[in-house]
Amino acid sequence: MRALLVNPWICDFATYDLWAKPLGLLQIAAYLRRAGVEVILIDCLDRFAPRLVGYLREKYPERRYPRATPYGDGSYHAEIIPKPPAYRDVPRRYKRYGMPVELFRRLLRESPQPDVVLVTSGLTYWYPGVFEAIRLLREEFGPVPLLLGGIYAALCPEHARQYSGADVVYTSAALPEILCLAREATSARLPELPPAAAEEARVFPAYDLYPELRYLTLRTSAGCPFRCSYCGWYLLTEGGRYSRLAPDLVGRAIEHSYLNLNVRNFAFYDEALLYRAEEHLLPILKGILQKGMQCFFHTPNALHARFITPETAIAMKRAGFVQPRLALETVDPERQRQTGGKVNAREVERALFYLIQAGYASREVGINVLVGLPKQPLTEVEASLEFVHCLGARIFLEEYAPVPGTPAYRESGLPPDADPLLHNNSIFPLYGPEHYAQFQRIKELAHRLNRELKGKPGMPDKPRHLFPAKDPLSGIN
Ligand code: B12
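1. Observations concerning the pairing of strand β12 (residues 265-268)
Residues of β12 alternate between two faces, with Asn265 and Ala267 on one and Phe266 and Phe268 on the opposite face, all of them buried. For strand β9 (residues 215-218) and β12, the ladder comprises four bridges, and the chain directions are parallel. Paired with Tyr215 across the two strands is Asn265, which belongs to β12. For the handedness criterion, the β-α-β arrangement of β12, helix α11 (residues 281-290) and strand β13 (residues 296-298) is classed as right-handed.

See the structure below:
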């Protein structure tokens, strides 16, 4: 049996490759291969694909491809496309990010006829890219069984069933079920796999399918001890429970990629990487240090400040965590409490202090601030930005994107079956032109404060004025 796996484009006003890989699809690829299936991957978002780089260099000889920072993150190739009617009034350009459609078509034509096609999906409001891929797949391969899964499919299954054109819309995260689906769709005789095969596929996703790999992503645990009102991790995680891989397995996976795939940059996709670090992250990092591997680790998903201790901070610094990101979201104690009590400003300040003591400069540390939560006044966001700036850290402004099925979604006033395009974080805070202007002001403020940080090498590297001397933890070196 031959399966074609597709990671479609992103259609949005803005996006950036912040170490994004279709991790779920790569786990499925590893699992299917284990069952003897031949797997072909087309990743529309692979910035380093030799075919894409060759195509773009020929078409745009004056531009530089691929565009990447030394850590492998960078901008996607993008093409401006017409806005869907729902975005008619949004005064921004709408784009398709990833490989040009013409190249996608060419790759489909070169591909042998698959027995089944598996398409993944990312954020709910990126579905136009998914639909486009399905349309082209249908044009090329006719009535081949086409399965759709991933985040959009899991959060908006009715919408996907009605409009995507897929034969099966899959909402769960269980790998053995996917094998059953493939079996049913093709009537192929595929073997049952032992239970350990699913864990193996989670630990060793099929990264070798990429001809050129500058970074990869790790998900050493799934889920989170908190249930913040705006987050839907429990709707997307197998059994809705926190779980994690054994530290030695994670160590083996990192070592394998380091030695066999020559990867040095790793981004963690865990929701709660530091939870019970003494049983999980610390043993993983100790193993890496013992083996003398020189890696760069990235935390685009942000870390729980509450769980940063002097020991974790030192281990992170030594193991090669670059520009760690902390989640603050807001300084407002009432909103912190209402949204789930994940963290407070003081814990963020303390975490930053430990990171500084471990050797980071404050401006290397990024702190996430949420904007656009239902009923959140922009003065609250301004106060949060000022707070982060006073700490000498870099602001990451995160525009709230509603997740259907969460309490914050219900508060947002969006009907449960709203067009998922309305979940877009670029438009959600913009109900009405007056909001747009206010929101632009907030974005500009964040940019200005970050620019000031860059221009001032002498910014305080220790938030002394904010850290009360009487705190028993303040003396730790
Ligand atoms: C890692 C992560 C990121 C990474 C990047 C992920 C990526 N590949 O692009 C980073 C940190 C960059 C990120 C950023 C953002 N993220 Co995010 N992210 C996640 C997180 C924590 C995990 C996703 C993941 O990799 N899961 C692990 C893999 C293994 O699962 P999977 O891909 O779903 O695949 C499994 C199944 O779905 C299924 N499957 C998948 N494909 C297919 C295909 C077929 C055919 C079948 C049968 C099955 C199947 O099988 C797989 C194996 O079990 C999720 C929360 C979550 N628990 O899902 C939020 C989440 C997806 N993010 C979210 C948000 C809001 C964002 C941001 C907008 C945040 C912000 N405000 O800035 C940004 C936007 C990013 C951008 N590029 O513009 C929201 C989604 C909201 C929405 N409406 O869609 C989520 C759900 C978190 C939340 N708030 O609840 N994110």
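Okay, back to it.
2. Re the pattern of salt bridges
Note on pairing: side chains with opposite charge can pair once their charged atoms come close. Tallied over the full model, the rule gives 29 salt bridges. The residue Asp208 makes a salt bridge to Arg33 at a minimum N-O spacing of 2.8 Å. Placement of Asp208 in the loop between α8 (196-203) and β9 and of Arg33 in helix α1 (residues 23-34) is noted, with a sequence separation of 175 residues between them. For Asp208, a relative accessible area of 44% puts it in the partly exposed group.

3. Comments concerning a nonpolar patch on the surface
Taken together, Ile151, Leu235 and Leu236 make up a surface patch of nonpolar side chains, about 200 Å² in accessible area. When you line up the elements, Leu235 lands in helix α9 (residues 233-236). Look at Leu235 and you get partly exposed, because its relative accessible area is 34%.

4. Some thoughts on the environment of Gln357
With respect to the helices, strands and loops of the structure, Gln357 is situated in helix α14 (residues 345-357). Taking C-alpha positions, Gln357 is 33 Å from Gly372, a pair spaced 15 residues apart along the chain.

5. Observations regarding the pairing of strand β17 (residues 394-399)
Where strand β16 (residues 366-371) and β17 come together, six bridges link them in parallel fashion. The residue bridging Leu370 from the neighbouring strand is Glu398, located in β17. The β-α-β motif built from β16, the intervening helix α15 (residues 378-390) and the parallel element β17 has right-handed crossover chirality.

6. As for the packing of α1 against α8
Contact geometry of α1 with α8 gives a least axis separation of 8 Å together with a crossing angle of 135°. The orientation of α1 with respect to α8, classified from their angle, is oblique. Note on packing geometry: the crossing formed by α1 with α8 is right-handed. Side by side, α1 and α8 meet where Gln27, Ala30, Tyr31 and Arg34 of the first sit next to Ala197, Ala198, Glu200, Ala201 and Arg202 of the second. The residue inventory of the contact of α1 with α8, partitioned by class, reads five nonpolar, one polar and three charged.

7. Some points on unusual backbone geometry
The omega torsion across Tyr65 and Pro66 is -15°, close enough to zero to call that bond cis. Checked against the element boundaries, Pro66 lands in the loop between α2 (50-59) and β4 (78-80). Its identity is not glycine, yet Gln323 carries a phi of approximately 40°, on the positive side. Take Gln323: it is sitting in the loop between α12 (310-319) and β15 (325-329).

8. Focus: the site of the ligand
The environment of the ligand is made up of 40 residues, and the closest members are Thr120, Thr124, Ala173, Gly232 and Glu271. Contacts to the ligand include Gly232, whose backbone N or O atom sits 2.6 Å from an oxygen atom. Taking Pro402, its main chain carries an N or O atom lying 3.1 Å from a nitrogen atom of the ligand. At the level of elements, α1, β6 (116-119), β7 (146-148) and β17 are the ones that each hand at least two residues to the shell around the ligand. Broken down by element, the residue count for the shell around the ligand peaks at three residues, all from α1. Across the shell around the ligand, the residue classes break down as 23 nonpolar, eleven polar and six charged. There are two domains that each give the shell around the ligand at least three residues, and those are domain 1 (2-196) and domain 2 (214-466).

9. Details of the nonpolar core
Ile254 and Phe297 are the most contacted members of the largest nonpolar core, which has 113 residues in total. One finds Cys11, Cys44, Tyr76 and Tyr152 within the second-largest nonpolar core, a separate group that totals 53 residues.

10. Notes on the domain arrangement of the protein chain
Domain boundaries in the protein chain define domain 1 (2-196) and domain 2 (214-466). Summarising the inter-unit geometry, the C-alpha centres of domain 1 and domain 2 are found 26 Å apart. At the junction of the two partners, domain 1 supplies 34 residues and domain 2 supplies 29 residues. Counting each side, the surface lost to burial between domain 1 and domain 2 is near 2,800 Å², with a carbon and sulfur contribution of 67%. Counting across the domain 1 and domain 2 interface gives zero salt bridges. Summed over the shared surface of domain 1 and domain 2, the number is ten residue pairs in polar contact (both at pLDDT 80 or more). Listing elements by their share of the side of domain 1 that touches domain 2, those giving two or more residues are α4 (127-141) and α5 (151-155). The element best represented in the side of domain 1 that touches domain 2 is α5, accounting for four residues. Residues that form the side of domain 1 that touches domain 2 fall into these classes: 26 nonpolar, three polar and five charged.

11. Topic: helix α7 (residues 175-186)
If you check α7, its first and last C-alpha atoms are 17 Å apart, about what twelve residues at 1.5 Å a residue would give, namely 16 Å. Of all the positions in α7, only Leu175, Ile178, Leu179, Leu181, Ala182 and Arg183 are classed as buried. As for α7, its buried residues are in contact with α1, β6, β7, β8 (168-169) and α8. Backbone geometry just downstream of α7 places Ser187 in the positive-phi region, at approximately 55°.

About the thresholds
- Residues numbered from 1 in each chain as written.
- Predicted model: local features only at pLDDT ≥ 70, side-chain atom pairs only at ≥ 80, totals over all residues.
- Heavy atoms only, no water.
- Buried < 20%, exposed > 50% of the residue type's maximum accessible area, 1.4 Å probe, protein only.
- Helix = DSSP H or I, 4+ residues; strand = E, 2+ residues; numbered from the N terminus.
- Pairing = 2+ DSSP bridges.
- Right-handed = clockwise from strand over helix to strand, strands pointing away.
- Salt bridge = Lys/Arg side-chain N within 4 Å of Asp/Glu carboxyl O.
- Patch = residues over 30% accessible without salt bridge, like charges linked within 9 Å, V, L, I, M, F, W, Y side chains within 5 Å.
- Areas by Shrake-Rupley, 256 points an atom, 1.4 Å probe, with all protein chains shown as cover.
- Axes fitted to C-alpha atoms, helices over the stretch in contact; angles between N-to-C directions.
- Parallel < 35°, antiparallel > 145°, perpendicular 65-115°, else oblique.
- Left-handed = near helix turned anticlockwise from the far one by under 90°.
- Contact = heavy atoms within 4.5 Å.
- Nonpolar A, V, L, I, M, F, W, Y, C, P; charged D, E, K, R; others polar.
- Near = heavy atom within 4 Å.
- Polar contact = N/O pair within 3.5 Å; in protein donor to acceptor, adjacent residues only side chain to side chain.
- Domains from an automatic or database assignment.
- Core = buried A, V, L, I, M, F, W, Y, C linked by side-chain atoms within 4.5 Å.
- Buried area = accessible area lost by both parts, 1.4 Å probe.
- Expected span 1.5 Å × (residues − 1).

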